[in-house]
Amino acid sequence: MGTSLTPDFWRLFVVLVVTSAVVTVIVGAALDALVVRQRQRRSHEVPSPQRVRRPRRPGQTSARP
């Protein structure tokens, strides 16, 4: 049983494809913006004293045994 694809079908098909492409682009842009915003927030945070590592100078001995 073969059925012919009517112009109405193609019209709805194009609407569906275009809508899905637009939604994909919008969701992708929104997620990218959220990731960029989160990375910018993390880069402005002041590190806590436990996380700060100071480089040793040559010849400097460790205070810990």
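The notes below deal with the structure included here.

Rules and cut-offs
Residues numbered from 1 in each chain as written. Predicted model: local features only at pLDDT ≥ 70, side-chain atom pairs only at ≥ 80, totals over all residues. Heavy atoms only, no water. Patch = residues over 30% accessible without salt bridge, like charges linked within 9 Å, V, L, I, M, F, W, Y side chains within 5 Å. Areas by Shrake-Rupley, 256 points an atom, 1.4 Å probe, with all protein chains shown as cover. Salt bridge = Lys/Arg side-chain N within 4 Å of Asp/Glu carboxyl O. Helix = DSSP H or I, 4+ residues; strand = E, 2+ residues; numbered from the N terminus. Buried < 20%, exposed > 50% of the residue type's maximum accessible area, 1.4 Å probe, protein only. Phe/Tyr/Trp six-rings, centres within 6.5 Å; stacked < 30°, edge-to-face > 60°.

Focus on a nonpolar patch on the surface
Now for step 1: Where nonpolar side chains cluster on the molecular surface, the patch consists of Leu5, Phe9, Trp10, Phe13, Val14, Val17, Val18, Val22 and Ile26 and spans about 810 Å² of accessible area.
Now for step 2: You can see Phe13 is positioned in helix H1 (residues 7–44).
Now for step 3: Residue Phe13 is classed as partly exposed on the basis of its relative accessible area of 38%.

Remarks on the packing of aromatic side chains
Now for step 1: Counted under the stated rule, the structure contains three aromatic pairs.
Now for step 2: When the centroid spacing of 5.2 Å and the interplanar angle of 75° are considered together, the rings of Phe9 and Trp10 count as edge-to-face.
Now for step 3: A residue is classified by how much of its surface remains accessible, and Trp10, at 42% relative accessible area, is partly exposed.
Now for step 4: Ring geometry for Trp10 against Phe13: centres 5.8 Å apart, planes inclined by 90°, an arrangement best described as edge-to-face. You can see Trp10 and its partner Phe13 sitting in helix H1, three residues apart, about one turn around the helix.
Now for step 5: Joined through ring pairs, the aromatic side chains of Phe9, Trp10 and Phe13 make up one cluster.

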